[in-house]
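Residue-level structural notes
Given next are the chains, with one letter for each unit.
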Amino acid sequence: MVYWLTLMALGGGELVVNKAGMRKDLLAWHLQEVRELASEYDSAFQVLLELLSDDNPHVRANALQVLLDMVGEEGLSQSRLSAALDGIISLTRDDNERVALKALEVLNALLERGQLTEEEYGRITDALMDVIKSGIPILSEYASEGLGKVGAKFAKLAYRLIGWLFSLIGSSKKREVQGAAITALTEMASKTEDTKVLNEVFDKMADLLSHPDPYVVERAVMSMDRLLSRSDKLSMRNKLKAINGIKRLRGDVKLGIRAAQVLEKLEKSAGVDKAIKDTEDLTKSMTASQYSAKDIDRLLDAGKPEIVAELAKMDPEVMGRVLGMLEDEDYTRRMDALWIVSRLAQYLTPSDAYSILPVLGEFLKSKNPWARETAAEVLADIYTLYPGTQKFFASLLNVLLKSTHPRDIEGALELLSRITDKVQDEAFLRSTMGVMFQLLERDDARGVVLRFLAREAQRLVDLDEELLFELKDRLKTVYGMDGGKYDEIIASLIDVIDDILRLRQSGVVVHT
C-alpha cells in the first residue's frame, strides 16, 4: 500500500501532502514512490525536508536516501538544494551513525555533481572538516573523500585545505584523524588539474617521511606511491627530495619492501638511472592511454589485465567496472577483477573500499587458494588504509571462525595473518595466536590450524619466546589426538620451535 496517495486536491489544483502518509512510506521503504512525488510537487518536497528532523532515525535515513536518489537523477534543482542543504549538513552530526553516513553520501554526491555556488561549497567544506576532526571511524573516511573532491575542483579551497589537513596530521594523535586527512589530501592531489596543488601535496607528503609515528610514515609512503602515477606532473625538485626521504626507509622492517618499490619508481621518473629504465611499465602506461572503459572486455579476453589496471588508475569509470566485475557471473571475470584490484588497493577511495568488503569476504571462502590469499591481502590493505572498517572485520572474522567448514576457518586465518603482517603490532599478534590456541582445542578446526601453521612455519620466527613456549605446550597437548592423524605435523612444528629457540639463544636468530 502506498500511503501518500491520500492527497487532497484543492480548488486551484494545489496539492496538500499527508505528512503522516509519507512518513509511513519511508518506514515501509516505498522510496521510489516518495521520490516521484517529491520530484513532481514542491509541497511534497517540503514535507520530505520536514521529515529530515523526524524522531525516528529510519525516517531520517530514508529521507536522505530519497534526496540522494534525486541528486543522481538530476532531480534536485538549485532552489531545492538551497532549501535542503542546512538539513543535510546538520545530519552529518546525527547521533545515529547510519543517518550521519547517509548525510555524508548526499554531500559527496552533490560535490561529484558540481553546479554548487561558492558559498555552498564553503558550507559543505566546513561540515566535512568538522567530521574529519571528530575522528569518528567510517564517517571521517567518507568526509575525507568529499574534501578530496572539493580540493580537486577548486584550487582556492585546495590551498586552505592543504594547510589545515597537514596541520591536523601534526597536531592530532588519533590515527582515524591522521588517516582521514591523508586520504583527503591524496584524493585531492590525484584528481586535481592544478599541478601546483599536486606538487604542494607531494612536497608535504615527503616531509611526513620523517614523522615520529610509523603509521603516518606508512600512509605517506602509500600516498606518494599513488601520486607517482602522475609523475610527469611532479617537479624534479620534489622527486629528488622524495628520493632522499625514501632512501632512509629501505632498512625499515615493515616498510622496506614498499619503500624500495617507491624508490625505484622515483628514480626512473627522475632519470636517476636511465640504464635500468623499466620500458615495460612505460609501455603499459602509454598503451593504456589508447583505451577506455568500453575496451575492458576486449582487453581481458586478450589476456591483458595489466592494461586494465593502468586504466583503472586513471579513469574512475573503469575502476567502477572492475569493482563490479568482482560479482560477475563469469568465474574468469571475477578472477580477472580480483587480480586487478589486488594491484590497486591504494587507489581505492573509501566508497570503493567499503563497497567491496562483503564480496571480498566471500572470496575468503573460495575453493581456490589463490583467490583466498589474494582477497586476504586486499582486505588487509583496506584494513590498514581505513581504520573505520574494523567493525566489519570483527564481524567477518567472528562468522568465519564460528563456522565448522574448514575453508571458512582457513580464510579467517589467512586474513588474520595478512593483517598481522601489515599492522606489525605485538598486541594484534598475541590476539591472533590466542585465536589459534582456541581453535586447536576444537576437533573440527584442529587440522586446519595445524596445516596452516605448517605452511606458514617461517612466521614462527616473529614470535617472542613466551609465545613460542606457549605454542609448543599447546601442540604437545594435542599430540596423539584424532588417532594420531596430525602427529607428524605437530612433531615437525615442535622441532621448528626448538630450532628457533636454540638459534635465538645463541644469537643467530633475532626476534623481529
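Structure first, text after, so check above.
Residues numbered from 1 in each chain as written. Predicted model: local features only at pLDDT ≥ 70, side-chain atom pairs only at ≥ 80, totals over all residues. Heavy atoms only, no water.

**Quick word on helix H4 (residues 57-72)**
Here H4 spans 23 Å end to end across 16 residues, near enough to the 22 Å set by a 1.5 Å rise per residue. In terms of burial, H4 is a largely internal element, twelve of the 16 residues being buried. Within H4, burial applies to Val59, Arg60, Ala61, Asn62, Ala63, Leu64, Gln65, Val66, Leu67, Leu68, Met70 and Val71. Looking at the buried side of H4, the elements it contacts are helix H1 (19-27), helix H2 (31-40), helix H3 (42-50), helix H5 (78-91) and helix H6 (97-113). Where H4 starts, the residue carrying a side-chain oxygen 2.8 Å from the main-chain nitrogen of His58 turns out to be Asn56. One or two residues past the end of H4 sits Glu74, with phi positive at roughly 55°. (Helix = DSSP H or I, 4+ residues; strand = E, 2+ residues; numbered from the N terminus. Expected span 1.5 Å × (residues − 1). Buried < 20%, exposed > 50% of the residue type's maximum accessible area, 1.4 Å probe, protein only. Contact = heavy atoms within 4.5 Å. Polar contact = N/O pair within 3.5 Å; in protein donor to acceptor, adjacent residues only side chain to side chain.)

**What to know about the pattern of salt bridges**
Tallied over the full model, the rule gives 48 salt bridges. Taking the shortest distance from any N to any O, the salt bridge between Asp86 and Arg123 comes out at 2.3 Å. With Asp86 in helix H5 and Arg123 in helix H7 (residues 118-134), the pair connects residues that are 37 residues apart, well separated along the chain. Classification of Arg123 by relative accessible area gives partly exposed; the value is 22%. Taking the shortest distance from any N to any O, the salt bridge between Asp207 and Lys241 comes out at 2.7 Å. With Asp207 in helix H11 (residues 195-207) and Lys241 in helix H13 (residues 236-247), this residue pair connects regions lying 34 residues apart in the sequence. Since its relative accessible area comes to 40%, Asp207 is described here as partly exposed. (Salt bridge = Lys/Arg side-chain N within 4 Å of Asp/Glu carboxyl O.)

**Here's the deal with the environment of Leu416**
Within the element layout of this structure, Leu416 appears in helix H23 (residues 406-423). According to the relative accessible area criterion, Leu416 is buried, its value standing at 6%. Once the C-alpha coordinates of Leu416 and Arg333 are considered, the two residues, 83 residues apart in sequence, prove to be 27 Å apart. With near-sequence residues (within four places) excluded, Leu416 lies in contact with Leu397, Phe428, Thr432 and Val435.

**Points about the packing of H2 against H4**
Where H2 meets H4, the closest approach of the two axes is 10 Å, and the angle between their N-to-C directions is 60°. Overall, the two elements H2 and H4 adopt an arrangement that is oblique. You can see that H2 and H4 cross each other, and the crossing is right-handed. Packed against H2, whose contacting residues are Leu31, Val34, Arg35, Ala38 and Ser39, the element H4 presents Asn62, Gln65, Val66, Asp69 and Met70 at the interface. (Axes fitted to C-alpha atoms, helices over the stretch in contact; angles between N-to-C directions. Parallel < 35°, antiparallel > 145°, perpendicular 65-115°, else oblique. Left-handed = near helix turned anticlockwise from the far one by under 90°.)

**Side note on the nonpolar core**
Among the nonpolar cores identified, the biggest contains 177 residues, and Leu48, Leu67 and Leu165 are the most heavily contacted of them. Residues contacting Leu67, with those up to four places away along its chain left out, are Phe45, Leu48, Leu49, Leu52, Leu76 and Ile88. (Core = buried A, V, L, I, M, F, W, Y, C linked by side-chain atoms within 4.5 Å.)

Purely spatial values, then, with no claim about function.
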